[in-house]
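Structural features, examined
The lines below spell out each chain.
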Amino acid sequence: MRTAKAVVALTVLAFSVSYLLPALTAWPRGLLAAMAMALMLVVRRSTILGEAGLALLLVFGFGAAPGLLGLVAGSLLLRARAWVAVPGALAVVAGASLATPGAGASSTLGTAISTALTSLVVYGLTRMADQVGRVSSARTALAVAAVSRERLRIADDLESSVGRGLEAIATGVRQRAEPALLLERAREVLTETRSVSVDYRSLSLDAELTAARAVLEAAGVEVRVTAGHAEPLGPPGALLALVLREAVTNLLQYGRAKQCTIETGQVWVRVTHDGLRTPETALSLAERVRTAGGRFAADLTPEGLLRVEAELPAGIPRDPGHGPAHLLAVSVLVAVLAGLCARPLLYFGGDVAVAALLGVSALLQVHHSRLVRPPAWGLTLALQAVVTYAPFLWYGRAWLALPGLLGASALLLLPAPLSWAALALVTGSVTVIGSLAGLAPGELVNWTLTTPITALVVYGLGRLAQLVAELERAREELARDAVLRERLRASRDLHDLLGHNLAGILLKLELAGRLPEQAGAHLTDVEVMLERARADLLAASGHRHELSLEQEAANARELLRAAGIEVELTFEEVPGPAQSLVAVVLREAVTNILRHSRARHATIVITAEPSLSVVNDGVPHAVPGRVGAGLGNLRTRVEEAGGTFSAGSEDGRFRLTAALDPARLLGDAHGVDPVAGVELGGDGAQVVADRPRR
């Protein structure tokens, strides 16, 4: 917004100095004229009448150029009602054209064009600056609206799939249906939950990076991650995430890797490790990447390490300027260029060759004002230079209005300070050409100053058009990023909260089938868990969901004991802001214990620091077979809240720890985004850590 206002102020100042030049030739009248101009620039923001009076004094009293009245016409268009503004601006333009009695028709028409052009620039630039402000201030509102729409869509998706499944289980429990039938339905709901969760996180390479790092560290692999991409990547991100997932999964399933390096760039991912086994899915991955126009490789490095790499085409940056604000900016720019080219055309009486050259110059200027630097811009800039200087051989001094456009293109395309040096060269060339053409000293000074002023005005128009387009694109990207984050939040909550209750429901239904004499009690527990699962479903669709750590600890102990696992629980009261986050970590830890059928003993320690430690003796001999999202989700939640998280094997036990900083736990820092996650194993019977699916 400050940049937009600065462009407007610079443009108005440039016009003012340009039109004031004829009044500065005499002393001390020139000083008085400068003081009157300064006063006019001050009062124009508060009173049109004051601005008009000072402008008339400068034109008719001090001899300033009549085009100065265009500032007054622009103020009328901006601040008066339409039925007054348009006739008033036309009257000002007409008055300016009559300010030089005895001038020829061509000169009079030229003055009218200059005045109208000034009013149009002032009006257009100010409106564009207002648009910049509106677009900028609307960014957050647009993101909030996008998230609200996404939450409604997520709620509808979840209710139509997972919600109906939970209701079917609840109905069966109330009717005391066969536990085996209920167990099968619960497995289907868990599978559906897993599928929805994976789908929601499938567009984020960040989420896959976090999951890969967490599961590799838990497997005792030394990991180094270098992330050089920027979210959201969209569909390319989903494909790169799949490549990363398969590469890490292969390492865990078959490799004996001790070290792994994961790197990402703009649209590429590279996984290098010492496991020395090519992914079994390499051929299918290569085909998918190549179908997307990318490159896939799985080979050995000179150091003997296995490297899996995929790169997708970045594509050509899209010029996003298609909104109303950018259309206004381009319209004003085109109108101004038309006005600048009209005067030379009038001078030559509408000569066809002149019209063609002026049209080419104007089109090149619009081309150079695009948001994205145009392809082959060096060639088009050189072409504009030829169109600017070659006609001097035939048209002489009448072509002196064109170098200003070339200076504007230099400012738009070249990096500073080279662009300003180019503008200085263009300005100097006008001085040399004017001297060779025999211009009078006053006229030579006027053209020398007019060239950089014209360049700055056109540059300001082009830059403001770019700024509007940049803001529109930033607003769209902010909304897309907000929607992506909302999908990731829903994915985490489905996995970390709802998955835990579904794991408990599966366990209780299995016990109800195995122990008929206790089936009633277990089904009663299922009813309670279904209520909690319903609350978790609401949380996943964006409703605030506070968890009671004390209740979660009691539930964890009960669930583990029901699975035949001896539990030692040490519980200290945790500060309120940290309770929900510690509860989520506890849920995931308990779910992971349920995964390991060998676990016979678990220790849970919750301290007031706050911190959590969960240790179990169910560590399997083999490392996990797939990359799961559970540990990655927990790492994300804890680290976003300013805490530390670790999970891994130690002395035949699996230890998961989380320590939080109470000073950082503010607002929604509990990390429950207003759900600990599991899925079914390949046989549909065993509860295992979540496994993303393609």
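Residues numbered from 1 in each chain as written. Predicted model: local features only at pLDDT ≥ 70, side-chain atom pairs only at ≥ 80, totals over all residues. Heavy atoms only, no water.

**Quick notes on the packing of aromatic side chains**
Going through the model one piece at a time under the given rule, you end up with two aromatic pairs. Lying across the ring of W377, R373 places its NZ or CZ 4.8 Å from the centre. (Phe/Tyr/Trp six-rings, centres within 6.5 Å; stacked < 30°, edge-to-face > 60°. Lys NZ or Arg CZ within 6 Å of the ring centre and 35° of its normal.)

**Section: the layout of surface pockets**
Counted as a void, the largest pocket has a volume near 1,200 Å³. Together, 39 residues line the largest pocket, and S114, R343, N446, W447 and T450 are the ones closest to its centre. Counting residues per element, the ones that place at least two in the lining of the largest pocket are α1 (2-20), α6 (105-174), α11 (324-347) and α17 (441-514). Broken down by element, the residue count for the lining of the largest pocket peaks at ten residues, all from α17. Class assignment of the residues belonging to the lining of the largest pocket gives a composition of 18 nonpolar, 18 polar and three charged. (1 Å grid on protein atoms, 1.4 Å probe; cavity = no way out; pocket = protein on both sides within 12 Å on 5 of 7 lines; lining within 4 Å. Points joined across faces, edges and corners; volume = space filled by probe spheres on them. Helix = DSSP H or I, 4+ residues; strand = E, 2+ residues; numbered from the N terminus. Nonpolar A, V, L, I, M, F, W, Y, C, P; charged D, E, K, R; others polar.)

**A closer look at the packing of helix α8 (residues 205-218) against helix α21 (residues 630-640)**
At their nearest, the axes of α8 and α21 sit 7 Å apart, and the two run at 105 degrees to each other. For the element pair α8 / α21, the angle class is roughly perpendicular. Facing T210, A211, R213, A214, E217 and A218 of α8, the residues of α21 in contact are L631, G632, R635, T636 and E639. (Axes fitted to C-alpha atoms, helices over the stretch in contact; angles between N-to-C directions. Parallel < 35°, antiparallel > 145°, perpendicular 65-115°, else oblique. Contact = heavy atoms within 4.5 Å.)

**Points about the pattern of salt bridges**
All chains considered together, the criterion is met by 19 salt bridges. The salt bridge involving R187 is made with E184; its shortest N-O contact spans 4.0 Å. A residue pair is termed a helical-turn pair when its members lie 3 or 4 positions apart in one helix, as R187 and E184 do in helix α7 (residues 179-201) at three residues. Among the residues examined, R187 registers a relative accessible area of 16% and is labelled buried. For E510, the salt bridge is made with R187, and the minimal N-O distance between the two is 3.7 Å. Placement of the pair is E510 in helix α17 and R187 in helix α7, with a sequence separation of 323 residues. By relative accessible area, which is 18% here, E510 ends up buried. Each of E263, R270, R295, E309 and E311 takes part in one network of salt bridges that share partners. (Salt bridge = Lys/Arg side-chain N within 4 Å of Asp/Glu carboxyl O. Buried < 20%, exposed > 50% of the residue type's maximum accessible area, 1.4 Å probe, protein only.)

**Focus: the sheet that holds strand β6 (residues 566-571)**
Through backbone hydrogen bonds, the strands of a sheet pair up, either in parallel or in antiparallel fashion. Taken in spatial order, the five strands make up an open sheet running β6-β7-β8-β10-β9, and their pairing is mixed. The sheet is open, and its two edges are formed by β6 and β9 (644-650), each paired on a single side. Neighbour-to-neighbour, the strand axes of the sheet open up by a mean angle of 5 degrees, direction not taken into account. Note that strand β8 (residues 611-616) and strand β10 (residues 653-659) share six bridges and pair antiparallel. Looking at β10, one finds that N616 is bridged to F654. (Pairing = 2+ DSSP bridges.)

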